[in-house]
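Structural overview
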Amino acid sequence: MQSLSGCDPDFLIYRSSKPEETLALCRTCRANVLVMEVIRQGIWKLSERLKICSAVKQLGWTCKVLLLVDEDADELLASEVRQAVKDQLVDNFIYASVSPTYLAGVIDTL
C-alpha cells in the first residue's frame, strides 16, 4: 500500500491490518487481486502467505494473487517465490525494487 500511495491507481486499495484478517477482507470487498509482501521470517514468510493464497482461491470467485519480494535483500527467497509461481501456487510475483507506477500497472493487468 505504501508503494502505491505515490501514484494514482485506477482501482481501490484495501489494507488488512494483520495477515490473519486478509481472508476476511478479501471476502468483504470481493477482491479480485491480492498483493502480499513476502519476507524470510515471521507471519510474512512464504509458507504463511501460501496458506492465505490457498484460502483465497477457495472463496468462489477469481482473485489473482501477486507476491512482492525484495530480490536484493534475499535472493534465495526471491527464487522460492518464482518457484511458487511456476508451481501455480500463486498467479504472479513482482520485485520490490520496481517503481510504484509499474506495480500499479501490473496489478491493473491482473
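Higher on the page you've got the structure.
Read on for an overview of the structure. The shown structure was predicted, so the numbers you read here are calculated from the model rather than taken from an experiment.

Right, let's get into the overall build of the protein chain. When helices and strands are tallied, the protein chain shows four helices and three strands. Ordered by position from the N terminus, the helices and strands of the protein chain form the series α-β-α-β-α-β-α. Its C-alpha radius of gyration of 13 Å places the protein chain within 12% of the 13 Å reference for a compact globule of 110 residues. Seen along its three principal axes, the alpha-carbon backbone of the protein chain occupies a region of about 35 × 30 × 25 Å. Taken over 110 residues, the protein chain has a buried fraction of 33%. Looking at the protein chain as shown, the accessible area adds up to about 6900 Å², and 48% of this sits on carbon and sulfur atoms. Averaging the coordinates of the 12 positive side-chain charges in the protein chain and doing the same for the 15 negative ones gives two points 8 Å apart.

Over its 12 residues, helix 3 (residues 75–86) runs 17 Å from end to end, which matches the ideal 16 Å to within 8%, given 1.5 Å per residue. The complete set of buried residues in helix 3 reads Leu 77, Ala 78, Val 81 and Ala 84. All buried residues of helix 3 project into a common sector of 115° when viewed along the axis, lining one side. Counted as exposed and oriented over 90 degrees from the buried face of helix 3: Glu 75, Leu 76 and Lys 86. Against strand 1 (33–38), helix 2 (46–57), strand 2 (64–69) and strand 3 (92–95) lie the buried residues of helix 3. Near the N-terminus of helix 3, the side chain that reaches the backbone nitrogen of Leu 76, with its oxygen 3.3 Å away, is that of Asp 74. Backbone geometry just after helix 3 places Gln 88 at a positive phi near 60°.

Burial of strand 2 is extensive: five of the six residues sit out of reach of the surface. Alignment of strand 1 against strand 2, held across six bridges, turns out to be parallel. What sits directly across from Val 35, in strand 2, is Leu 66. One crossover worth recording links strand 1 to the parallel strand 2 by way of helix 2, and it is right-handed. For the crossover from strand 2 across helix 3 to strand 3, the handedness is right-handed.

Conventions and cut-offs
Residues numbered from 1 in each chain as written. Predicted model: local features only at pLDDT ≥ 70, side-chain atom pairs only at ≥ 80, totals over all residues. Heavy atoms only, no water. Helix = DSSP H or I, 4+ residues; strand = E, 2+ residues; numbered from the N terminus. Rg over C-alpha atoms; globule rule 2.2 N^0.38 Å. Buried < 20%, exposed > 50% of the residue type's maximum accessible area, 1.4 Å probe, protein only. Areas by Shrake-Rupley, 256 points an atom, 1.4 Å probe, with all protein chains shown as cover. Lys, Arg positive; Asp, Glu negative; His and termini not counted. Charge placed at Lys NZ, Arg CZ, Asp CG, Glu CD. Expected span 1.5 Å × (residues − 1). Arc of directions from axis to C-beta. Contact = heavy atoms within 4.5 Å. Polar contact = N/O pair within 3.5 Å; in protein donor to acceptor, adjacent residues only side chain to side chain. Pairing = 2+ DSSP bridges. Right-handed = clockwise from strand over helix to strand, strands pointing away.

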